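Examining the three-dimensional arrangement
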Amino acid sequence: MSPQPQAAVGAPLSRVDGRLKVTGQARYAAEHHVDGTVHAVIVDASIGRGRITAIDTREAEAQPGVLRVLHHRNAPKLPYRDNSASNNPPGERLRVFQDDKVLFHGQPVAVVIATTLEAAQHGARLVKVRYQAEQPDTDLTDATPDKPTTYARGDAEAALRKAPVRLDLSYRTARNHHNPMEPHATIARWEGGRLTVWDKTQWVVGTQTELAAVFGLPLDSVRVISPFVGGAFGTGLRCWPHTIVAALAARVTKRPVKLVLSRRQMYSGNGFRPAYTYRLRLGSDRRGRLTAALHEMDGETSSYETFTEAIMTPGQMLYSTPNVKQVYRTVPLDVNTPIWMRGPGFANASYVIESAIDELAHTIGIDPIELRRHNEPAEDESSGLPFSTRRLRECYTIGAREFGWHRRNHKPRSRREGDWLIGMGMAAGVYDTARATAQARVRLDADGTATVEAATSDMGPGTYTSQTQVAADALGLTMRTVTFRLGDSLYPPTPPHGGSMTMASVGSAVLDGCNRVRDNAIKLATEDRQSPLHGADPNDIVVRGGRLHVKNNPARGETYRALLTRNKSTHLEALGTFTGPEGAARHSFFAYNATFAEVAVDAALGLVRVRRMLGVYDAGRIVSPKLAQSQAIGGIVGGIGTALLEHTVTDPRDGRTVNANLADYLVPVNADVPDIQAIYLDGEDREADPLGVKGLGEVVHVGVAPAIANALFNATGRRIRQLPITADALL
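Our subject in this report is the structure included herewith. Keep in mind the model is a prediction, meaning the values are calculated, not measured.

**Some words on the packing of aromatic side chains**
The final tally for this structure, using the stated rule, is 14 aromatic pairs. On the basis of an interplanar angle of 55° and a centroid distance of 4.6 Å, the ring pair of phenylalanine 346 and tyrosine 431 is categorised as tilted. Placement of the pair is phenylalanine 346 in helix 8 (residues 346–364) and tyrosine 431 in strand 17 (residues 420–432), with a sequence separation of 85 residues. Grouping residues by exposure puts phenylalanine 346 and tyrosine 431 together as buried. When the centroid spacing of 5.7 Å and the interplanar angle of 75° are considered together, the rings of tryptophan 405 and phenylalanine 596 count as edge-to-face.

**With respect to the packing of helix 8 against helix 15 (residues 704–716)**
One way to put it is that helix 8 packs onto helix 15 with a least axis distance of 8 Å and a crossing angle of 30°. Put simply, helix 8 runs roughly parallel to helix 15. The element helix 8 and its partner helix 15 pack so that their crossing is right-handed. Facing Ser350, Tyr351, Glu354, Ser355, Asp358 and His362 of helix 8, the residues of helix 15 in contact are Ala705, Pro706, Ala709, Asn710 and Phe713. Of the residues that constitute the contact of helix 8 with helix 15, the class distribution is 5 nonpolar, 4 polar and 2 charged.

**With respect to the packing of helix 11 (residues 463–475) against helix 12 (residues 502–527)**
Two numbers describe how helix 11 lies on helix 12: the axes approach to 9 Å, and their chain directions differ by 30°. What the angle tells us is that helix 11 and helix 12 run roughly parallel. Remark: the crossing between helix 11 and helix 12 carries right-handed chirality. Contacts from Thr463, Ser466, Gln467, Val470, Ala471, Ala474 and Leu475 of helix 11 reach helix 12 at Thr502, Met503, Val506, Gly507, Val510, Leu511, Cys514, Asn515, Val517 and Arg518. Here the contact of helix 11 with helix 12 is built from residues that sort into 10 nonpolar, 6 polar and 1 charged.

Cut-offs applied
Residues numbered from 1 in each chain as written. Predicted model: local features only at pLDDT ≥ 70, side-chain atom pairs only at ≥ 80, totals over all residues. Heavy atoms only, no water. Phe/Tyr/Trp six-rings, centres within 6.5 Å; stacked < 30°, edge-to-face > 60°. Helix = DSSP H or I, 4+ residues; strand = E, 2+ residues; numbered from the N terminus. Buried < 20%, exposed > 50% of the residue type's maximum accessible area, 1.4 Å probe, protein only. Axes fitted to C-alpha atoms, helices over the stretch in contact; angles between N-to-C directions. Parallel < 35°, antiparallel > 145°, perpendicular 65-115°, else oblique. Left-handed = near helix turned anticlockwise from the far one by under 90°. Contact = heavy atoms within 4.5 Å. Nonpolar A, V, L, I, M, F, W, Y, C, P; charged D, E, K, R; others polar.

Structural data, given as C-alpha cells:
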C-alpha cells in the first residue's frame, strides 16, 4: 500500500493524558474505588537474618477495627507453582508467610487488616515478634561470591604485559533505590475463584502470571489493572511480596484489601540498583590504541535469588580492543533481591569504562574525544556482526561544537572563577536496543473513531501519547479521534514496560494492527461498486483526516464513516503483532550518546555544582520530540543523582537501611538541575523494527555519571573512583 502521510509522528505534541494528570483525574494504584475495601499494613522483620520464634498478636487483634492478623502460623499454604514466564530472577522466590525464616531486614512477617488505615497502622505497631537472630551479610566486599560468568577474546593477560601504557584501576559504585513519586500499592479483590488486582506495575502480564502461579489459578482467572504508574524506573518490573500479601489478605477476609507501602518500606520491599566493585586494567600503545582490557566485577544479589544485569556488555563492544577478559561474580547477601534500575548494568559499566578512558587520555596526553575516535570499532567485536547504526563520531562532533569543547583546558585546575574551580568532561554511552513479541488490538468504528488496546504501561515516558501518534498516522486519523488504552491484562499481551523496548515492540504491533485495519478499509472501498474508489489501485490510496482518496486525485474519495455506514459495518477490527527478533542475528543493535558536563567546585569546601549538560543521541527515529526532551531531562537528572547524591546506607549489624527516607537519601531537586540540552541525530533504524526506533529511556541516563566525574577531574585534578562523589572526597 502507499506510504501514509505523517502528521502526528515527529510532531512535538503535548501528552494526551496531561489534563487527566494535572486535574487529578488519573487513577493510580491506591486511588481506585472498590466497594467494601479494607486496609492492610505490613509488619516488617527487624532482623537481617534468622528465624521467628514467637508472634503475639493478641493486643493488635483487640483493637477496634482490626479484622485479622496474618502470619506464617495462620496463613493458608500456597502452591507457588513454577513460573518460568515471570520476570523473576532465577532461584527460590520469597514465600511470604509460609515459614519462619527471615532472609532480610524488612521482610514481611505479618500483616494487619482493619476497617481503617489508622487502625491497621496502630495494630501493626502492637504486633510483637521474637526472633532467633543471626549476623547478616550485607557488604559485598566481605561475602563469598558465586561461581563467575566469564568472557574472553584474544589473550588479555599477555597483551597487557606487553602494553607500553598500562592502568590498573579499582572502582566502587553505591547501592541506589528508585524512589518514584508513587509508592507501591495494591488493591486486591476476590470474586469466587477469580482475582482482580489494581497494582503499581510495569508489566501487568508478568504480575498476572506470577499471581496465577502463587495461588494455583488459571491465567484467565487473574486480572491486573494499572492504567497509570507514578514513576518506577525499574522497580515495577516484577511482582513483589506486598502484592501477594494483599491478595492473600483479601482471600482470607473475603473483603477487598488495599495495601500501600510506606516510604520506608520502599527501601526493603521492591529492589534496588546493586552496588558493585569493579577492577579494570587497560593496556594501550603510546598513541592510545587499546590493546587489552581486563574487567573484574562483583555485584550484589540476594541469598535466595540470583540477580544479574548486562554489566559485561559495554566492555565487550564499546571500543575496539583485540584482547578482552571479563569475570562477573554475583555476591549473595542477606538483602531483598535487586532489580533493574534506569540504564541497568550499562550505567555502572559506563561509569568505570568512561572514567578509565578519560584517565588514559590524560596519561597519554591526548584529547579524550580523539582517544575515543581512535578506538572506534568497525563492527561489534563481541559478535562479529555489523552495527545496524553507530553514529558516535557524529555525536562527538556535534556535542563538541555545541558545548564549546574547544574552550576546555586539558590541564586540571587551570580555570577558576573566584572560589570556584571550573571543569569540563564528557563520556560516551551505549544501551541495548531491546525488542520483544507484542500484540495490539485495533478497532475502527463506523463513526470514524478508533480504539487501540495493549496491555503495556506508562510510568511517565508518554506511552499513551506516542502510541496514539503512531496509530493516528497509520489510520489516517487525527489525534483526537484515536483512543489508546493500556494497563489491563484483558488487553493483548506485551513485554515489560522497561529496557527501552516499549516503543519498538508495542509501537510496531500498533503500527501492524492499524495498517491491517486501514488496508481492510481500502479493500472494502475498492471492491464496493457504490464507492468513489471502486476499481482504484489500492496502492494509490491514502487516508488523511479519516478520508480515503486517490493519492494524486484528492477529490476522488470518501470518509471511513460513509464507507462503513453504507456497508452496514459497525466496525473494522484487527490484531496487530510484532514478533521481535527472529532467526539468526544479522546486526548488532544499540543506541548511543555523547554526554558533556560542566561543573564548578568550591575549592575550599568541595561543594559541587553542575552548571550545564548536553546529550547528543543516536537513538533512531524520534516519534515525539517533546516526549524525547522530557526523557533526556529525566535521565540526566537521574544521572546527576547517581554521580553526586544517591547512596543507600546499610547498618551492618542488622541489615537495616539507615537512610530509608527522602530526607536522608538524597535525590536531585530543582536547585540541583542545571541547564540541560538534548540533540537527537536525524535518522532511523529499520533493521531494528518497522518504526525505526531504538528506545530512549535508558540510554539518556548512561554516560551522565562519568561525564560529571571526568569534569570534576578537569576542575580539581582529583580522580574519584567511587559513586557517589561527595565533598569530602574532593578535599
